[in-house]
Amino acid sequence: MPRGSNTIQFSSLFGPAEVICQTELTDRDAILQKLLNVLTRKRKIENIQEVYKAIQERENEIPMIVGPGIAMPHARLPEIDKIIVGIATSKKGVVYAKGVNKAVKLIVLIISPKASPAVHLLAVSSVAKICQDPATADIVAELPTPEKVWEFFDRGGVTLPGYVRACDIMKPVRVKLHEYDTLEKAITLFVRHGLQDLPVVDKDNNLVGVVTTYELLRVCLPDYVLWMEDLTPILNFESFAEILHNESKTWLAEIMTNEYATVDADAPAIQVAKEITSRRVNQAYVMRGEKLIGVVSLGEFLGRVLRG
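What should I look at first to understand unusual backbone geometry in this one?
Negative phi characterises most residues that are not glycine, and trans characterises most peptide bonds. Here Gln-22, not a glycine, exhibits a phi torsion of approximately 50°, which is positive. Topologically, Gln-22 is positioned in the loop between strand 2 (19-20) and helix 1 (28-42).

I would appreciate a short explanation of the side chain of Thr-136 in the present structure.
Relative to the helices and strands, Thr-136 resides in helix 4 (residues 136-141). Judged by its relative accessible area of 2%, Thr-136 is buried. Leaving out residues up to four positions away in the same chain, Thr-136 has contacts with Ile-70, Leu-106, Ile-130 and Phe-152.

I'm lost on the environment of Val-119 in this one. Help?
Tracing the sequence through the fold places Val-119 in helix 3 (residues 117-130). The exposure class of Val-119 is partly exposed, given its relative accessible area of 31%.

Would you take a moment to explain the environment of Ile-187 for this structure?
Turning to its location among the elements, Ile-187 is positioned in helix 7 (residues 183-193). Sequence separation between Ile-187 and Leu-216 is 29 residues, and the spatial gap between their C-alpha atoms is 8.3 Å.

Can you help me understand the confidence of the model for the protein in this one?
It should be kept in mind that the predicted coordinates are not to be read in detail where pLDDT is low. The predicted model of the protein has a mean per-residue pLDDT of 83, with 84% of residues at 70 or higher. Of all helices and strands in the protein, the one with the weakest mean pLDDT is strand 8 (residues 159-160) (56), whereas strand 2 scores best (96). Note that pLDDT drops below 50 for residues 1-5; the model gives that stretch nine contacts with residues more than four away or on any other chain.

Can you walk me through the packing of aromatic side chains in this structure?
Aromatic ring pairs are defined here through the distance separating the ring centres and the angle between the ring planes. A complete count under the given rule lists five aromatic pairs for this structure. On the basis of an interplanar angle of 85° and a centroid distance of 5.5 Å, the ring pair of Phe-152 and Phe-153 is categorised as edge-to-face. Among the aromatic residues, those joined into a ring-pair cluster are Phe-10, Phe-14, Phe-152 and Phe-153. A cation over a ring is seen here: Arg-28 above Tyr-96, with NZ or CZ 5.4 Å from the ring centre.

Got a minute to help me understand the sheet that holds strand 10 (residues 197-201) in this structure?
Neighbouring strands of a sheet are bound in pairs by backbone hydrogen bonds; such pairs are parallel or else antiparallel. Read from one edge of the open sheet, three strands run 9-10-11, paired in mixed fashion. One side of each edge strand has no neighbouring strand; the edge strands of this open sheet are strand 9 (177-178) and strand 11 (207-212). The sheet contact formed by strand 9 and strand 10 spans two bridges and is parallel. Among the inter-strand pairings, Leu-177 is bridged to a residue of strand 10, identified as Val-200. Across the sheet, helix 7 is in contact with strand 9, strand 10 and strand 11; its angle to strand 10 comes to roughly 140°.

Calculation criteria
- Residues numbered from 1 in each chain as written.
- Predicted model: local features only at pLDDT ≥ 70, side-chain atom pairs only at ≥ 80, totals over all residues.
- Heavy atoms only, no water.
- Helix = DSSP H or I, 4+ residues; strand = E, 2+ residues; numbered from the N terminus.
- Buried < 20%, exposed > 50% of the residue type's maximum accessible area, 1.4 Å probe, protein only.
- Contact = heavy atoms within 4.5 Å.
- pLDDT = per-residue confidence, 0-100.
- Phe/Tyr/Trp six-rings, centres within 6.5 Å; stacked < 30°, edge-to-face > 60°.
- Lys NZ or Arg CZ within 6 Å of the ring centre and 35° of its normal.
- Pairing = 2+ DSSP bridges.
- Axes fitted to C-alpha atoms, helices over the stretch in contact; angles between N-to-C directions.

As structure tokens, then:
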């Protein structure tokens, strides 16, 4: 059920026939196997046992829990050309995996074409948006028929945009500096979190600059050190000692750089790749206007786009 030329409604990816409603099964693997059997009736899936085994191993290793009581196992297969979705609900909930404390009541199984990582990411992003309501699993698990479950997703207006956006693959910025902070705090955060870049924001959360470990190291070294080939005459760390002595008096403005990558939240993901590559940085900051709302690291980008 397309809505507009560039979007796909999430509920169009499955129908009531692909919903297992209020299953009495209490074993996760049995539910996954049954869901795969249901999807096989809709699309031919070769080597279904291998697909099942791959999903099973992945969920054992890294359970895809996207919200309270909601699991989203997934696989990308070369033999299909369209994404397919199967949903299972359980009123009692099932023990999903080791380390997952809350019983899972809603399972959304996504099988997507291996050659179309963007479509896969869009579907995952859309389901994640549903999970913003912590009561979603409990609500859906109480729906009595597959038709009601499908209608829930259909009414939710969960729509896939025409392309993967920066905001679909970003993560929240959990560590940042404020413009009134000193070098002392920056060093503490770099050491504590093992980061290479830290954004600097003003009181309105507008991005005003970035402090990098490279810039930090650079200010520790006098210029003449960079020009010298033989450093044996100065085999000590006096420069660093001076920085340590003055770190609480050095303001971030003195070492902050304006050389960093930013993208608008609605920019296509390919723009993220371009900015990271052209600026030779490890991450791009995601903006909504002047405000910093997230970050996409190079590792996260490659992992989500190429490995899902």
